[in-house]
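Examination of the molecular architecture
Residues per chain, in single letters:
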Amino acid sequence: MPVDQFFASLWDTYTEVAPQAQRIQALFEQQGEQVINDHIAFRTFANSPIALEKLEPVLESLGYQAYGAFRFDSKHLKARCYKHESQENAPKIFLSELLTEELPEECQTTIDRLVAQIPSDVVKGPEIFWSKCLWQPIAEQDYLTLVEHSEYAAWLSTMGMQANHFTVSINHLNKTPTIEQVNQLLMDEGYTLNQTGGLVKGSPELFLEQSSTMADKVSVTFAGGETRVIPSCFYEFALRHEQPNGELFDSFIEGNADKIFDSTNASS
Ligand code: OOG
Ligand code: NI
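First, a word on what this report is: a plain description of the structure on this page. Quick caveat, the model's predicted, so the values are computed rather than measured.

1. Re the site of ligand 1
As a structural note, the neighbourhood of ligand 1 is formed by Ala41, Arg43, Phe94, Ser96, Asn164, Gln210, Glu236, Phe252, Asn256, Ala257, Ile260 and Phe261. Looking at the shell around ligand 1, the elements that each hand over two or more residues are β1 (37-45), β4 (92-98) and α8 (254-260). Among the elements that take part in the shell around ligand 1, α8 stands out by supplying three residues, more than any other. For the shell around ligand 1, the per-class residue count stands at six nonpolar, four polar and two charged.

As structure tokens, this is what we get:
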């Protein structure tokens with residue numbers, strides 16, 4: 001599958017649950033900007049048929065190569081990032097997975113029940129990345145237990161495999177070239193931004209500044225027929241800075257990412 005087609009399908013699925021991304025992209029375009037994606041991100045369950053190592057070969061088949069690895073101890077996550085080997089402007093990919101065995105027993109039982117429903121050979125090609133929930137709806141009580149211990153687990157149990165966020169490359173914006181200007185524009189338009197640790201995650205000294213909206217909301221129906229409005233997907237903004245070697249920093253930063261994850265928290 002051509003990389004363009006891969007991202008077009010992902011964007012379609014993503015904007016169905018995050019219409020704010022479509023509106024914000026249009027806002028930039030009205031200002032004469034060409035919106036380039038810095039990266040997109042996915043979440044998954046470790047030790048499952050959709051674990052990171054099962055998904056990685058699909059990314060490789062699309063021309064992507066891993067170049068960084070990360071660990072988020074308090075969130076019980078591991079992650080890797082990928083860049084395209086030849087297409088310079090293709091978005092980077094950030095793929096994280098939940099280390100379920102580090103969660104309390106009650107969460108493990110719930111997640112094991114979801115994972116057990118995924119066929120072992122489910123990963124066949126790029127379509128896996130917009131396959132959403134590969135399991136029957138979770139019980140509301142189980143969802144609430146997950147929320148208590150891992151917002152990530154709760155999100156993944158209801159949203160499944162799909163782009164969790166796209167990221168606007170601020171480096172490619174002309175009218176609002178700083179992250180402060182982007183944030184101001186979004187707040188003036190009434191968007192709610194992720195406030196964890198302040199609006200801007202990172203700094204020029206770290207060579208990466210990031211901010212994000214709080215996720216849009218969607219209504220989900222649980223196993224018992226109850227419905228609840230929960231966080232879906234968000235939009236991110238990233239500004240990369242030149243390093244002493246003259247090259248733009250092209251990786252990710254654990255301290256920034258840790259805060260960006262909160263963009264799907266249910267409580268805010
Ligand atoms: C990923 C959070 C990290 C970044 O750019 O550092 C991230 C997620 O929320 O799944 O996107
Ligand atoms: Ni991101």
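2. Overview of the environment of tryptophan 130
Here tryptophan 130 lies in the loop between α4 (105-115) and α5 (140-149). Assessed through the 19 C-beta atoms surrounding it within 10 Å, tryptophan 130 is described here as partly exposed. C-alpha separation for the pair tryptophan 130 and aspartate 258, spaced 128 residues apart in sequence, amounts to 24 Å. Those residues in contact with tryptophan 130 that lie beyond four places of it in its chain are Ser9, Leu10, Thr13, Met161 and Gln162.

3. Concerning the nonpolar core
Within the largest apolar cluster, 60 residues are counted, with the highest numbers of intra-cluster contacts made by Ile93, Ala153 and Ile170. Element by element, the count of residues in this core is highest for helix α6 (residues 151-159), at six residues. Contacts of isoleucine 170, omitting those with residues within four sequence positions, involve Pro177, Ile179, Val182, Phe237, Ala238 and Leu239.

4. Side note on the packing of α5 against α6
Each pair of packed helices can be summarised by the angle the axes make with each other and by the distance between the axes. Two numbers describe how α5 lies on α6: the axes approach to 5 Å, and their chain directions differ by 145°. Of the residues in α6, those touching α5 at Tyr143, Leu146 and Val147 are Glu151, Ala153, Ala154, Ser157 and Thr158. Within the contact of α5 with α6, the residues separate by chemical class into five nonpolar, two polar and one charged.

5. Considerations on unusual backbone geometry
The phi angle at histidine 76 is positive, at roughly 60°, despite the residue not being glycine. For histidine 76, the location among the structural elements is in the loop between β2 (64-72) and β3 (77-84). Of note, the phi angle at lysine 132 is positive, near 55°, even though the residue is not glycine. In this fold, lysine 132 is placed in the loop between α4 and α5. For lysine 132, a count of 12 C-beta atoms within 10 Å corresponds to the exposed category.

6. Regarding the environment of tryptophan 135
Secondary-structure assignment places tryptophan 135 in the loop between α4 and α5. You can call tryptophan 135 partly exposed: it has 15 C-beta atoms within 10 Å. Remark: the alpha-carbon pair of tryptophan 135 and leucine 248, spanning 113 residues in sequence, is separated by 41 Å. Each residue touching tryptophan 135, except ones within four places of it in the same chain, is listed here: Leu114, Gln117 and Ile118.

7. A word on the pairing of β4
Judged by how many residues are buried, β4 sits mostly within the fold: seven of seven residues are covered. Both faces of β4 are covered, namely the face carrying Lys92, Phe94, Ser96 and Leu98 and the face carrying Ile93, Leu95 and Glu97. One ladder, built from seven bridges, connects β1 with β4; its direction is parallel. Opposite histidine 39, over in β4, you have lysine 92 as the bridge partner. When β3 meets β4, the two strands line up antiparallel, connected through six bridges.

8. A few points about α5
Two residues of an α-helix separated by three or four positions point the same way, owing to the 3.6 residues in each turn. For α5, the complete set of buried residues consists of Asp142, Tyr143, Thr145 and Leu146. Seen along its axis, α5 keeps its buried residues to an arc of 160°; they face one direction. Elements in contact with the buried residues of α5: α4 and α6.

9. Some thoughts on the sheet that holds β1
Read from one edge to the other, the open sheet built from eight strands follows the order β2-β3-β4-β1-β5-β10-β7-β6, with strand pairing classed as mixed. Of all the strands in the sheet, just β2 and β6 (201-203) have a single pairing partner and so form its edges. Averaged over all pairs of adjacent strands, the angle between their axes in this sheet comes to 25°, without regard to strand direction. With five bridges connecting them, strand β7 (residues 208-212) and strand β10 (residues 234-240) associate as antiparallel partners. Its bridge partner lying in β10, glutamate 209 is registered against leucine 239.

10. A short note on the packing of α4 against α5
α5 packs onto α4 with a crossing angle of 125° between their chain directions and a minimal axis gap of 10 Å. Relative to α5, α4 is oriented oblique. In this structure, α4 crosses over α5, and the sense of that crossing is left-handed. Facing Glu106, Cys107 and Thr110 of α4, the residues of α5 in contact are Asp142, Thr145, Leu146 and His149. In the contact of α4 with α5, the residues fall into two nonpolar, three polar and two charged.

Conventions we followed
Residues numbered from 1 in each chain as written. Chains lettered and ligands numbered in written order. Predicted model: local features only at pLDDT ≥ 70, side-chain atom pairs only at ≥ 80, totals over all residues. Near = placed C-beta within 6 Å. Helix = DSSP H or I, 4+ residues; strand = E, 2+ residues; numbered from the N terminus. Nonpolar A, V, L, I, M, F, W, Y, C, P; charged D, E, K, R; others polar. Buried ≥ 20, exposed ≤ 12 C-beta atoms within 10 Å, placed from the backbone. Contact = placed C-beta atoms within 7 Å. Core = buried A, V, L, I, M, F, W, Y, C linked by C-beta atoms within 7 Å. Axes fitted to C-alpha atoms, helices over the stretch in contact; angles between N-to-C directions. Pairing = 2+ DSSP bridges. Arc of directions from axis to C-beta. Parallel < 35°, antiparallel > 145°, perpendicular 65-115°, else oblique. Left-handed = near helix turned anticlockwise from the far one by under 90°.

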